[in-house]
Amino acid sequence: MPVAVIDIGSNSIKILVADRTGTGAFTALKYKTLDARISAGISRDNPELSAEGMARGVAAVAELVADAAAFEPAKIVLVATSAVRDARNGGDFVAAIREATGHDVRILGGEEEANLIGRGLTCDPALAGARNFYLFDLGGGSLECLAFRERKITQAISLPLGCVRLTELCVNDPSRPFSEAERLAVADHVKLTLRQSGFRFDLPPDAAAIGTGGTLTTARAILAERRGKTLATSDTLLTVDELRELLNYVGRCDLTDRKRIPAMPAARADVFPTAIATVLAVADVGGLGAYWNSLYNLRWGVAAELLEQSMHR
């Protein structure tokens, strides 16, 4: 029987309904993303979810729970990440979801989130042959950094470098073009935090860098649109040079023009320059020349965990 996972992220709330095929491979029966931005104010010393953000989040979760019910899943699991675990009123938000849907929310710790993202990535059939690689998952509240050696996780950390958080910290007015001073502020903050974290770029020189999350998926979709392709038919390799050129382009635009860029989600346009500046700063620290984009991340990791548990019952 299928399982359903609802991922309550800082910027968006997503669902995956998944099952196993007859060969044991994972397959998606439904996936959907709703923009809710529950994390406004996440950069404060004492982060607190706003009433408006919580209301958007509860409504989005309720809609996705109703979507999941149509598949009669064996289990529906709700997980929350950086915005909820960091907010002092995260418990109130969880209680509101429970009241609206009848479901509890599993709040993931940073390392737990990173490990589940890593597990989800290993479900990607396109990466079946990858042995040594780095994985970076950029969300609204945090950046998960992992290293795999012979497909086993050797490092997994969660850093407070999400694109909503850094936009609040480093960008004076997200409705205006992204200035060079703001780009440097983001880059310096990311590089300092990453170096102080102790994360090591010590895999063999041919190790790949893989990026998951909405930032690189959006970048890939925008570049695909330019080439007359869809996301599904586009190249999954995004070079650092392409990402730099894309940042130069979107950075010159104000928010109104950014929202008009084909394949740019309107709800992501305000934080997108910060997000691209973040992944470029990570590439600079690690000496990375490109990212492979994968759509397999946290939801897939939780689904794999649930499906494996059901097999042993």
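Space inside the largest pocket adds up to approximately 820 Å³. Taken together, 30 residues make up the lining of the largest pocket; nearest its centre are Tyr31, Thr217, Leu231, Leu295 and Arg299. No other element matches helix α7 (residues 214-226), which puts five residues into the lining of the largest pocket. Among the residues forming the lining of the largest pocket, the class breakdown is 13 nonpolar, 10 polar and seven charged.

Our focus in this paragraph is helix α5 (residues 163-170). Counting buried positions over the eight residues of α5 gives six, a clear majority of the element. Buried within α5 we find Cys163, Val164, Arg165, Leu166, Thr167 and Cys170.

Moving on, we get to the pairing of strand β3 (residues 26-35). Where strand β2 (residues 12-20) meets β3, nine bridges bridge the pair, whose relative direction is antiparallel. Pairing of Ile15 across the sheet is with Lys32, part of β3.

With that settled, the discussion passes to the packing of helix α1 (residues 51-69) against helix α3 (residues 90-101). Each pair of packed helices can be summarised by the angle the axes make with each other and by the distance between the axes. One way to put it is that α1 packs onto α3 with a least axis distance of 10 Å and a crossing angle of 40°. Pair α1 / α3 crosses with right-handed handedness. Each of Met54, Gly57, Val58, Val61, Ala62 and Val65 in α1 lies in contact with α3, whose residues at this interface are Phe93, Ala96, Ile97, Ala100 and Thr101. A class-by-class count of the residues in the contact of α1 with α3 yields nine nonpolar, two polar and no charged.

Quick look at the packing of α5 against helix α10 (residues 272-286) now. Packing of α5 against α10 brings their axes to within 9 Å, and their N-to-C directions diverge by 105°. What the angle tells us is that α5 and α10 run roughly perpendicular. The segment α5 lies against α10, with Cys163, Leu166 and Thr167 engaging Thr274, Ala275 and Thr278. Along the lines of polarity and charge, the residues of the contact of α5 with α10 split into three nonpolar, three polar and no charged.

Looking now at the sheet that holds strand β5 (residues 105-107). An order of β3-β2-β1-β4-β5 is seen for the five strands of this open sheet, with the pairing classed as mixed. Edge strands, defined here as strands with exactly one partner in the open sheet, are β3 and β5. Each strand of the sheet is rotated relative to its neighbour by a mean of 20°, with strand direction disregarded. In the packing of α1 onto the sheet, contacts are made with β1 (3-8), β2, β3 and β4 (75-80), and the angle to β2 comes to roughly 20°. Set on the sheet, α3 makes contact with β1, β4 and β5; between it and β5 the angle comes to about 155°.

Below, the discussion takes up the packing of aromatic side chains. Inspection of every chain in the model, using the stated rule, returns nine aromatic pairs. Centroid distance Phe133 to Phe148: 4.5 Å. Interplanar angle 20°. Geometry classified as stacked. With Phe133 in strand β6 (residues 133-138) and Phe148 in strand β7 (residues 143-149), the pair connects residues that are 15 residues apart, well separated along the chain. Accessibility expressed as a relative area gives 1% for Phe148, which makes it buried.

As a further point, take the side chain of Asn293. Position of Asn293 relative to the elements: it lies in strand β11 (residues 290-293). Here Gly211 takes part through its backbone oxygen, which lies 3.1 Å from a polar atom of the side chain of Asn293. At a separation of 2.9 Å, a polar atom in the side chain of Asn293 contacts the side chain of Arg220. Leave out the neighbours within four places in its chain, and Asn293 touches Gly211, Thr212, Leu216, Thr217, Arg220, Thr236 and Leu238.

Take the pattern of salt bridges next. What the rule picks out here adds up to 19 salt bridges. The residue Glu48 makes a salt bridge to Arg88 at a minimum N-O spacing of 3.5 Å. One end of the pair, Glu48, is in the loop between β3 and α1; the other, Arg88, is in the loop between α2 (82-86) and α3, and 40 residues separate them in sequence. Residue Glu48 is classed as partly exposed on the basis of its relative accessible area, which comes to 32%. In this structure Arg88 comes out as exposed when scored by relative accessible area, which is 61%. Two residues, Arg165 and Asp86, come together in a salt bridge whose shortest N-O distance is 2.8 Å. Separated by 79 residues along the polypeptide, Arg165 in helix α5 and Asp86 in helix α2 bring together distant segments of the chain.

Reading guide: rules and limits
- Residues numbered from 1 in each chain as written.
- Predicted model: local features only at pLDDT ≥ 70, side-chain atom pairs only at ≥ 80, totals over all residues.
- Heavy atoms only, no water.
- 1 Å grid on protein atoms, 1.4 Å probe; cavity = no way out; pocket = protein on both sides within 12 Å on 5 of 7 lines; lining within 4 Å.
- Points joined across faces, edges and corners; volume = space filled by probe spheres on them.
- Helix = DSSP H or I, 4+ residues; strand = E, 2+ residues; numbered from the N terminus.
- Nonpolar A, V, L, I, M, F, W, Y, C, P; charged D, E, K, R; others polar.
- Buried < 20%, exposed > 50% of the residue type's maximum accessible area, 1.4 Å probe, protein only.
- Pairing = 2+ DSSP bridges.
- Axes fitted to C-alpha atoms, helices over the stretch in contact; angles between N-to-C directions.
- Left-handed = near helix turned anticlockwise from the far one by under 90°.
- Contact = heavy atoms within 4.5 Å.
- Parallel < 35°, antiparallel > 145°, perpendicular 65-115°, else oblique.
- Phe/Tyr/Trp six-rings, centres within 6.5 Å; stacked < 30°, edge-to-face > 60°.
- Polar contact = N/O pair within 3.5 Å; in protein donor to acceptor, adjacent residues only side chain to side chain.
- Salt bridge = Lys/Arg side-chain N within 4 Å of Asp/Glu carboxyl O.

Functional significance is not addressed by these values, which are geometric in nature.
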